[in-house]
Amino acid sequence: MTLPPLALTMGEPAGIGPEITLAAWRAVRAAGPAFFLIGDPALLPGAPIARIAAPEEAEAAFPDALPVLPLALPAPATPGRLDPRNAPAVIASIEQAVAFAKAGRAGGVVTNPIQKSVLTAAGFPHPGHTEFLGELAGTGLPPVMMLACPGLRVVPVTIHLSLKRAVAELTTEAIVTQGRTVAASLRRDFGIAQPRLVVAGLNPHAGEDGTMGREDIEIVAPAVAALRAAGIAVRGPLPADTLFTPRARAGYDCALCMYHDQALIPVKTLDMDGGVNVTLGLSIVRTSPDHGTALDIAGQGLADPGSLIAALRMAAGMARHRAEGHAA
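Because the structure is a prediction, the values reported are computed rather than measured.

Take the side chain of Asp 189 next. Tracing the backbone shows Asp 189 in helix H7 (residues 172–190). Residue classification places Asp 189 among the buried positions, given a relative accessible area of 2%. Only 2.5 Å separates the side chain of Asp 189 from the side chain of Arg 322, close enough to count as a polar contact. Excluding anything up to four places from it in sequence, Asp 189 contacts Gly 317, Met 318, His 321 and Arg 322.

Here it is in structure tokens:
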């Protein structure tokens with residue numbers, strides 16, 4: 001089965017996106033997956049690039065040169081130096097990639113890291129990629145952020161909130177909604193016919209029968225019961241301190257975690273350089289490296305492309321599962 005190439009966004013032009021893009025192409029050019037960059041060719045001086053006019057031209061060019069669909073920057077980019085004038089081009093790269101994926105001309109979207117502060121200063125109203133992609137390619141349900149590496153997938157139910165706010169805003173409904181989206185995506189995008197979920201407890205020892213807080217009894221446990229009633233194989237709430245051992249990880253396909261660090265610490269401990277950020281619940285496939293723009297090392301040839309390579313390969317696998325028609 002031949003799939004369309006993946007669309008890779010430009011990301012923050014002053015960050016490490018250009019160099020990891022080139023390094024990723026060199027790593028996968030022989031075996032694929034094929035992809036094309038939507039960005040300014042000036043970001044890759046001296047690199048073997050092929051300017052293309054349409055996604056359909058990318059696959060033929062890919063073995064010999066990095067296909068680039070040109071999108072000019074308003075201002076020259078200097079590694080490590082942010083310039084808000086380039087924010088509209090960064091946003092346009094995302095919009096074009098999504099449009100190609102929605103039209104079936106790209107197999108999926110892989111996004112290079114963005115600098116949220118620059119986009120916010122330019123009037124970008126979204127907290128980040130996930131929310132923007134939900135607007136561009138949503139399905140009516142809130143998009144879900146999943147972090148994945150070999151041997152572990154996690155979903156933080158609450159994301160970029162202080163711990164105090166995360167506890168206050170955690171609801172049974174949010175856990176149920178995200179659990180249903182995760183189960184459907186594991187079937188559709190990962191080919192897992194009978195997904196197995198676990199739900200981490202919020203409190204130490206999952207509250208220990210209410211002696212360490214009643215949230216696990218009053219908020220988390222009812223969500224687990226509702227997911228189970230919907231036909232989803234799920235266990236919990238389980239103590240988070242034993243949920244990520246090798247033996248425990250073998251017993252589930254994804255862990256729903258109650259707050260940001262509960263989910264991200266185990267993934268980054270297991271595979272800091274190869275983790276992938278996946279947006280679930282979209283009409284398209286979307287993955288991203290699980291790191292930021294790394295302005296402090298941009299342009300120095302120090303950036304590790306491992307997470308971008310993993311994101312490209314995961315996106316290709318997800319696109320293949322969708323093309324094969326795995327039921328959600």
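Per the counting criterion, the structure on display carries 6 salt bridges. The salt bridge involving Arg 105 is made with Glu 56; its shortest N-O contact spans 2.9 Å. Residue Arg 105 is found in the loop between helix H3 (87–102) and strand E5 (109–110), and its partner Glu 56 is found in the loop between strand E3 (49–51) and helix H2 (58–61); the two are separated by 49 residues along the sequence.

Attention now moves to helix H1 (residues 17–28). Between its first and last C-alpha atoms H1 spans 16 Å; for 12 residues at 1.5 Å apiece the expected length is 16 Å, and the two agree. Every buried residue of H1 is listed here: Gly 17, Pro 18, Ile 20, Thr 21, Leu 22, Ala 24, Trp 25 and Val 28. Next to the buried residues of H1 lie strand E1 (6–9), strand E2 (35–39), strand E4 (66–70) and helix H11 (306–323).

Here 12 strands make up an open sheet; going across it, the order is E3-E4-E2-E1-E5-E12-E11-E6-E7-E10-E8-E9 and the pairing mixed. On the outer flanks of this sheet lie E3 and strand E9 (233–238), each paired with one strand and no other. One ladder, built from 4 bridges, connects E1 with E2; its direction is parallel. When the sheet's bridge partners are listed, Ala 7 is paired in E2 with Phe 36. Contacts between H1 and the sheet are confined to E1, E2 and E4, with E2 contributing the most and set at about 165 degrees to the helix. Each of E1, E2, E5, strand E6 (144–149), strand E11 (276–280) and strand E12 (286–289) touches H11; the most contacted strand, E12, lies at about 170 degrees to it.

For the rest of this paragraph, the subject is the pairing of E12. Side chains of E12 alternate between two faces, with Arg 286 and Ser 288 and Thr 287 and Pro 289 buried alike. In the sheet, E5 pairs with E12 via 2 bridges, with the strands oriented parallel. What sits directly across from Val 110, in E12, is Thr 287. Taken together, the 3 bridges between E11 and E12 define a ladder with antiparallel strand orientation. Counted as the bridge partner of Val 276 is Pro 289 from E12.

Moving on: the nonpolar core. Phe 35, Ile 175, Val 182 and Leu 197 are the most contacted members of the largest nonpolar core, which has 56 residues in total. The greatest single-element share of this core, amounting to 7 residues, is contributed by H11. Not counting chain neighbours up to four residues away, the residues in contact with Val 182 comprise Val 144, Val 155, Leu 197, Cys 254, Leu 256 and Leu 280.

What follows deals with the packing of aromatic side chains. In the structure shown here, the tally under the stated rule is 3 aromatic pairs. Residues Phe 35 and Phe 62 carry aromatic rings whose centres are separated by 5.2 Å and whose planes lie at 65 degrees to one another, so their mutual orientation is edge-to-face. Here the residue Phe 35 occupies a position in strand E2, and Phe 62 occupies one in the loop between H2 and E4, the gap between them amounting to 27 residues. Positioned over the ring face of Phe 190 is Arg 153, at 4.9 Å from the centre of the ring.

Looking now at the environment of Leu 136. Within the secondary structure, Leu 136 sits in helix H5 (residues 129–137). Considering only alpha carbons, one finds Leu 136 and Val 98, 38 residues apart in sequence, at a separation of 7.1 Å. For Leu 136, the contacting residues outside a window of four places in its chain are Ile 94, Glu 95, Val 98 and Lys 102.

Relative to each other, H1 and H11 sit at 60 degrees, their axes nearing to 9 Å. Taken together, the axes of H1 and H11 are oblique relative to one another. As for how H1 packs across H11, the hand of that crossing is right-handed. Contacts between H1 and H11 pair Ile 20, Thr 21, Ala 24, Ala 27 and Val 28 from the former with Leu 308, Ile 309, Leu 312 and Arg 313 from the latter.

Criteria and thresholds
- Residues numbered from 1 in each chain as written.
- Predicted model: local features only at pLDDT ≥ 70, side-chain atom pairs only at ≥ 80, totals over all residues.
- Heavy atoms only, no water.
- Helix = DSSP H or I, 4+ residues; strand = E, 2+ residues; numbered from the N terminus.
- Buried < 20%, exposed > 50% of the residue type's maximum accessible area, 1.4 Å probe, protein only.
- Polar contact = N/O pair within 3.5 Å; in protein donor to acceptor, adjacent residues only side chain to side chain.
- Contact = heavy atoms within 4.5 Å.
- Salt bridge = Lys/Arg side-chain N within 4 Å of Asp/Glu carboxyl O.
- Expected span 1.5 Å × (residues − 1).
- Pairing = 2+ DSSP bridges.
- Axes fitted to C-alpha atoms, helices over the stretch in contact; angles between N-to-C directions.
- Core = buried A, V, L, I, M, F, W, Y, C linked by side-chain atoms within 4.5 Å.
- Phe/Tyr/Trp six-rings, centres within 6.5 Å; stacked < 30°, edge-to-face > 60°.
- Lys NZ or Arg CZ within 6 Å of the ring centre and 35° of its normal.
- Parallel < 35°, antiparallel > 145°, perpendicular 65-115°, else oblique.
- Left-handed = near helix turned anticlockwise from the far one by under 90°.

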